[in-house]
Amino acid sequence: MARVAVGQLTSTASMAHNLAQCRLLIKKASQAGAKALFLPEASDYIAGSGEETVRLVKPVHESEFVLGLREEARREKLSIHVGVHEPGFDTQRVKNTVLWIDDRGEIAHRYQKIHLFDVDIKNGPVLKESNSVERGAEIVPPFDTPVGKVGSAICFDLRFPEISLALKRLGADIITFPSAFTVPTGRAHWEVLLRARAIETQCYVIAAAQVGRHNDKRVSYGHSMIVDPWGAVVASLGATSEEPEIATAEIDHDLLRKVRMEMPLRRRMYVLPHTRLIYTSVLTSV
Ligand SMILES: O=C(O)CNC(=O)[C@H](CS)NC(=O)CCC(=O)C(=O)O
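Residues numbered from 1 in each chain as written. Predicted model: local features only at pLDDT ≥ 70, side-chain atom pairs only at ≥ 80, totals over all residues.

A closer look at the overall build of the chain
To be explicit about the condition: In this text, helices come from DSSP runs of H or I with a minimum length of four residues, and strands from runs of E with a minimum of two, each type numbered from the N-terminal end. Radius of gyration here uses only the C-alpha atoms, and the compact-globule reference equals 2.2 Å multiplied by the residue count raised to the power 0.38. Burial is judged by counting the other C-beta atoms within 10 Å of a residue's own C-beta: 20 or more makes it buried, 12 or fewer makes it exposed, and any count in between marks it as partly exposed, with every C-beta position built from the backbone.
Helix and strand counts for the chain stand at 6 helices and 19 strands. Radius of gyration (C-alpha) of the chain: 19 Å, near the 19 Å computed for a compact globule of 286 residues. With the C-alpha coordinates of the chain rotated into their principal frame, the extents come out at 60 × 45 × 35 Å. Buried residues in the chain amount to 45% of all 286 residues.

Some words on the nonpolar core
Stated formally: By convention the nonpolar core is taken to be a set of buried residues drawn from Ala, Val, Leu, Ile, Met, Phe, Trp, Tyr and Cys and joined through C-beta atoms within 7 Å. We call two residues in contact when the distance between their C-beta atoms, placed using the backbone, is within 7 Å.
With 71 residues, the main nonpolar core has L37, L194, V205 and I206 as its most contacted residues. Here the element with the most residues in this core is helix α1 (residues 15–31); it accounts for 6 residues. Residues within four places of L194 in sequence aside, it is in contact with L158, F177, V205, A207, M225 and V227.

Things to note about the packing of α1 against helix α3 (residues 64–76)
Worth spelling out the cut-off: Structural elements are reduced to axes, namely lines fitted to C-alpha atoms, with helices fitted over the stretch in contact, and the angle between N-to-C directions of any two is expressed from 0 to 180 degrees. Any angle between 65 and 115 degrees counts as roughly perpendicular, while under 35 counts as roughly parallel, over 145 as roughly antiparallel, and the rest as oblique. The hand of a helix crossing depends on one turn: near helix anticlockwise from the far one by less than a right angle means left-handed, and clockwise means right-handed. Polar here means any residue other than Ala, Val, Leu, Ile, Met, Phe, Trp, Tyr, Cys and Pro, which are nonpolar, and Asp, Glu, Lys and Arg, which are charged; Gly is therefore polar.
Across the interface, α1 lies against α3 with an axial gap of 10 Å and an inter-helix angle of 15°. The angle between the axes of α1 and α3 places the two elements in the roughly parallel class. The hand of the α1/α3 crossing is right-handed. Here M15, A16, N18, L19, C22, R23, I26 and S30 of α1 lie close against α3, whose contacting residues are E64, F65, G68, L69, E72 and E76. Tallied by class, residues from the contact of α1 with α3 come to 7 nonpolar, 3 polar and 4 charged.

Quick look at the structure:
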């Protein structure tokens, strides 16, 4: 058993403000006995426009936000998984990444968001993330941590189950979706997608989310949660928060083994009677 925490906050365009909020979350996670804290997408800042997003970006070694989290991780002996922006290949765009900061304060792993949120929904959100964000191209193999093997995906990646299935095939115990979901899409899809990813991969799903009003244009859905490999929501937060909040859960490796043994989902054969062809699951080719 290893305890983990999800943290929920409202990031603004001020990195100093956001760092202060995250320091509070770190203190709470540490006091709750968590070994790792999972923070939302774009915890370092949420800007009012794509141009501002690009203007605010700093490399990790110059970012007071990342340097501050590294110092806290070392001091509290707590691992931190956190969504940030990093400079892109050119100056037009940034990377939307998630970092694993280990309990010595070192950046041990990073994943760059593959699926960018380009939507134009009538009476709903109109966002074109690819204007200011460079697309990632690699699924990062799950890495060992004190709480289990962690496979990272970010926010809109949640809607592309192939990533989660690939991470599961590569050995993940935990799949993460640090997010900043919009309110209308969150209300319609957030919980059902997270639970589906947990059920089909038989992994824990940890989804730390931005909540509330960031600026005059953006509001996030909140409802951070942890789902167990049977699909039960074992920790959750609400839609608003006066101050940054955490929720905790135990990662139970016996439960992971039990669920996977009782209902094996790997290497199944599919017989399509009308074609008389036998396909192995697409998952075996990942
Ligand atoms: O802009 C930043 O700095 C941080 N990034 C985000 O907030 C991203 C891109 S706009 N949000 C999402 O992907 C929401 C997905 C979503 O809401 C859905 O899939 O329904």
